[in-house]
Amino acid sequence: MITLHDISLGIGAQPPQTVALDRVVHHFEIDSRQVERDDVFIALPGERADGHDYVSQALARGALVAIVRKDRAVMAPEEKLIRVDDVLTALQKLGAYWRAKFPTPPLRVIAVTGSIGKTTTKELAAQILALRFNTLKNEGNLNNEIGVPLTLLNLRPYHERAVIEMGMYLRGEIASYCQWARPHVGVLTMIGPVHLERLGTMENIALAKRELIDALPAAADGGIAILNNDDPRVMEMAAHTRARIITYGLTSAADVWADDIESHGLDGISFRLHHGDGAWMVHAPLLGQHSAQTALRAAAVGWGEGMNWEDIVEGLSQRTDQLRLSVLDGPHHSIVLDDSYNASPESTMAALNLLAQLSDGPRVAVLGDMLELGEDEEKAHREIGCRAGIVAAYLVCVGPRAKWIAEEAIACGAKKSNVVCVTNNAEALDALKRIIREKSVILIKGSRGMVMEEIVQGLTGVQSAHFGHKG
């Protein structure tokens, strides 16, 4: 277990002399409301709140100490504070220090990145590995400069595998995460135009994601790169690593591949999984035919880590509540497909294809702006609009860019009276109250900046947990 002495060594700061150095830390928290006895509170500044304003509450709830900036006045006893130059940097240094204390074996770290499908891949890979190994994973969407080191601080000597999702906004971020996490296995989902506005070109996005592959050890040292054989930009990365390469895809050219893929609506998907001369029928509780790729990635992780195919198939078949898209009960016995956490053209098209496979009631698509697409944004929104116009009986478009979705939906055959454009989520909820019928199926999808979980909560009373995520 991590102690105050470890914290002192990890961040290079003196702990309070009033607390014994061998005092064991229970957990690290950045939300004062979640602090329990013997936790360490990390007073991070945020967009909405500054952790320094909540140090006294954290200590009152039982925190051993709080890590705070040197130059900040804090309403708390000085003997309960560890002062540092920068709190976020201290957290990252501490996460890297703690990770370095775990040798290989027994611990191996599997990192997952890509433009879409990271969270679901992480969850499913961890589910498979847990059948054989004691496995740690990021909780929820903690895939950023805060979430990755927090996850590393949860490592314990009994852990044999850790599955770490890595998102990014800019080049250099994944390289930093890899310096802290020291991954042995890198999984690439696909390269798409997520954050194109920030990074400028698809080539820059690919280079940012390739930082994971660049960081892997050689095959002789246990390095494995798991690459999407159906994405040429991902396959180009094979030339940049000495790690063992495992490919997955939807053709026999891949090491792990699938065919006979069928969607069974809310009952999941089935497909035939192939490796070498072996083939296994899989029924997985994943939504939409596109989810076969997710299953293949997770299967490749299990195989790369030495698991047998019978256990891998069992892991794919197990139901989990932690996958990305949530199915919730809505008003008038409707079904709400909560895919609100983020949106790219690829993931939105996949969500619409899933909606098309559900025919129990009127199909409603609530689509918000897709952000950071650069000069391709109008074209991408119009392509989505045409598909939405074909799939959905009713369409609610949220935001200025979503007007292109509405225009193209009507051009592709949607009834003009069934297409609504609104400027915010409150207006979308008002429109939905007039649209939703008995057993409607309602897809909610938009970029993170559109905060469309507000619509989900308004319809279901359930609050989504889609904060802090990077693409």
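Residues numbered from 1 in each chain as written. Predicted model: local features only at pLDDT ≥ 70, side-chain atom pairs only at ≥ 80, totals over all residues. Heavy atoms only, no water.

### Describing the environment of alanine 220
- Within the secondary structure layout, alanine 220 lies in the loop between helix H8 (202-214) and strand E9 (224-228).
- It is 8.7 Å that separates the C-alpha atoms of alanine 220 and arginine 242, two residues lying 22 residues apart in sequence. (Helix = DSSP H or I, 4+ residues; strand = E, 2+ residues; numbered from the N terminus.)

### Re the sheet that holds strand E3 (residues 65-69)
- Here we have four strands laid out as an open sheet, ordered E1-E2-E3-E4, and parallel in their pairing. Edge positions in the sheet fall to strand E1 (28-29) and strand E4 (81-84), since each of these pairs with one other strand and no more.
- Relative to E4, E3 runs parallel, the two sharing four bridges. Paired with isoleucine 67 across the strands is isoleucine 82, a residue of E4.
- Packing of helix H3 (residues 87-100) onto the sheet brings it into contact with E1, strand E2 (40-42), E3 and E4, and relative to E3 it is tilted by some 125°. (Pairing = 2+ DSSP bridges. Contact = heavy atoms within 4.5 Å. Axes fitted to C-alpha atoms, helices over the stretch in contact; angles between N-to-C directions.)

### Quick word on the pattern of salt bridges
- Enumeration according to the criterion identifies 24 salt bridges in this entry.
- Salt-bridge contacts for glutamate 123 lead to lysine 122; the nearest nitrogen and oxygen are separated by 2.9 Å. For the pair formed by glutamate 123 and lysine 122, the shared burial category is buried.
- Between arginine 448 and glutamate 453 there is a salt bridge whose closest N-O contact spans 2.5 Å.
- The class of arginine 448 is buried, set by a relative accessible area of 15%.
- Here the salt bridges do not stand alone but share partners, grouping Glu378, Arg382, Glu407 and Glu408 into one network. (Salt bridge = Lys/Arg side-chain N within 4 Å of Asp/Glu carboxyl O. Buried < 20%, exposed > 50% of the residue type's maximum accessible area, 1.4 Å probe, protein only.)

### Some thoughts on the state of the cysteines
- Taken as a whole and judged by the stated rule, the model has one disulfide.
- Across a sulfur-sulfur distance of 2.1 Å, cysteine 386 and cysteine 412 are joined as a disulfide pair. Taking the torsion about the sulfur-sulfur bond, which here is approximately -105°, the covalent link between cysteine 386 and cysteine 412 counts as left-handed. With cysteine 386 in helix H13 (residues 377-391) and cysteine 412 in the loop between helix H14 (402-411) and strand E18 (419-422), this residue pair connects regions lying 26 residues apart in the sequence.
- This cysteine, cysteine 421, is not joined by any disulfide, and cysteine 397 carries the nearest cysteine sulfur, 4.8 Å off.
- We classify cysteine 421 as partly exposed; its relative accessible area is 41%. (Disulfide = S-S within 2.5 Å.)

### Comments concerning helix H12 (residues 345-356)
- For H12, spanning twelve residues, the distance from its first C-alpha to its last is 16 Å, which sits close to the expected 16 Å at 1.5 Å a residue.
- Among the residues making up H12, those that are buried are Pro345, Ser347, Thr348, Ala350, Ala351, Leu352, Leu354 and Leu355.
- Packing partners of the buried residues in H12 comprise strand E15 (335-339), strand E16 (363-368), H13 and strand E19 (441-445). (Expected span 1.5 Å × (residues − 1).)

### Remarks on the pairing of strand E10 (residues 244-249)
- Direction of pairing for E9 relative to E10: parallel, over a ladder of five bridges. Bridged to leucine 227 within E10 is threonine 247.
- Both E10 and strand E11 (residues 256-263) contribute to a ladder of two bridges, which runs parallel. In the strand pairing of E11, glycine 249 is matched with tryptophan 257.

### Some points on the nonpolar core
- Ile7, Ile11, Phe28 and Ile67 are the most contacted members of the largest nonpolar core, which totals 57 residues.
- Beyond its immediate chain neighbours, meaning those up to four positions away, isoleucine 11 contacts Ile67, Ile82, Val84, Ala90, Lys93 and Leu94. (Core = buried A, V, L, I, M, F, W, Y, C linked by side-chain atoms within 4.5 Å.)

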